[in-house]
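Spelled out, the chains give:
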Amino acid sequence: MNRMPPPPDFDENPEWTEEDFAKARPASEVLPPDVAALLVRRRGPQAAPTKKTVTLRLDPDVLDKFKATGPGWQSRMNEALRQAKV
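These numbers were taken from a predicted model, which means no experiment stands behind them.

Let us look at the overall build of the protein. Secondary structure summary: the protein contains five helices and zero strands in total. Relative to the compact-globule value of 12 Å for 86 residues, the protein shows a C-alpha radius of gyration of 23 Å, a clear excess of over 25%. Along the longest, intermediate and shortest principal axes, the C-alpha atoms of the protein span 60 × 35 × 35 Å. Counting across all 86 residues of the protein, residues that qualify as buried make up 5%. For the protein, the computed accessible surface area is about 9100 Å², with 55% contributed by carbon and sulfur atoms.

Moving on: the packing of helix α4 (residues 60-67) against helix α5 (residues 73-84). At a minimum axis separation of 8 Å, α4 and α5 run at an interaxial angle of 120 degrees. In terms of orientation, α4 and α5 fall into the oblique class. In this structure, α4 contributes L63, F66 and K67 to the contact, and α5 contributes W73, R76, M77 and A80. A breakdown of the residues in the contact of α4 with α5 according to their chemical character gives five nonpolar, no polar and two charged.

We now examine the pattern of salt bridges. This structure, assessed with the given rule, holds two salt bridges. The shortest N-O distance in the salt bridge between E19 and K23 comes to 4.0 Å. Of the two residues, E19 and K23 both sit in helix α1 (residues 18-23), four residues apart, roughly one turn of that helix. Each member of the pair E19 and K23 is classed as exposed. Close ionic contact of E79 with R82 constitutes a salt bridge, the shortest N to O distance being 3.9 Å. With a gap of three residues between them, E79 and R82 both fall in helix α5, about one helical turn apart.

Our focus in this paragraph is the confidence of the model for the protein. Per-residue confidence for the protein gives a mean pLDDT of 90, with 99% of residues at or over 70. At the low end of the mean pLDDT range in the protein sits helix α3 (residues 33-39), at 90; at the high end sits α1, at 96.

Let's shift gears to a nonpolar patch on the surface. On the surface, a nonpolar cluster with roughly 410 Å² of combined accessible area is contributed by V30, L31, V35, L39 and V40. Relative to the elements of secondary structure, V30 occurs in helix α2 (residues 27-30).

Our next topic: the environment of A84. Relative to the helices and strands, A84 resides in helix α5. Taking relative accessible area as the criterion, A84 reaches 47% and is therefore assigned partly exposed. Residues A84 and A27, 57 residues apart in the sequence, show an inter-C-alpha distance of 46 Å.

Basis of the calculations
- Residues numbered from 1 in each chain as written.
- Predicted model: local features only at pLDDT ≥ 70, side-chain atom pairs only at ≥ 80, totals over all residues.
- Heavy atoms only, no water.
- Helix = DSSP H or I, 4+ residues; strand = E, 2+ residues; numbered from the N terminus.
- Rg over C-alpha atoms; globule rule 2.2 N^0.38 Å.
- Buried < 20%, exposed > 50% of the residue type's maximum accessible area, 1.4 Å probe, protein only.
- Areas by Shrake-Rupley, 256 points an atom, 1.4 Å probe, with all protein chains shown as cover.
- Axes fitted to C-alpha atoms, helices over the stretch in contact; angles between N-to-C directions.
- Parallel < 35°, antiparallel > 145°, perpendicular 65-115°, else oblique.
- Contact = heavy atoms within 4.5 Å.
- Nonpolar A, V, L, I, M, F, W, Y, C, P; charged D, E, K, R; others polar.
- Salt bridge = Lys/Arg side-chain N within 4 Å of Asp/Glu carboxyl O.
- pLDDT = per-residue confidence, 0-100.
- Patch = residues over 30% accessible without salt bridge, like charges linked within 9 Å, V, L, I, M, F, W, Y side chains within 5 Å.

If you want it as structure tokens, here you go:
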């Protein structure tokens, strides 16, 4: 199967313009309900929760430093506390 290469000005993932954003609609408005439902992933309740929810007051710089590391910062904070052996 021989495919022709795309034209030089082709952009597979162009940046959205204001016009694109204005025309955009939620999937639930443009897809059949059964198809739109497949796009929604929900996590079910844990069979046996392994973590506990707590309220903790931290210095802003400490929190900012962990959050700046990106997704998973809470797990990294948990591991830092575990390594501190407090």
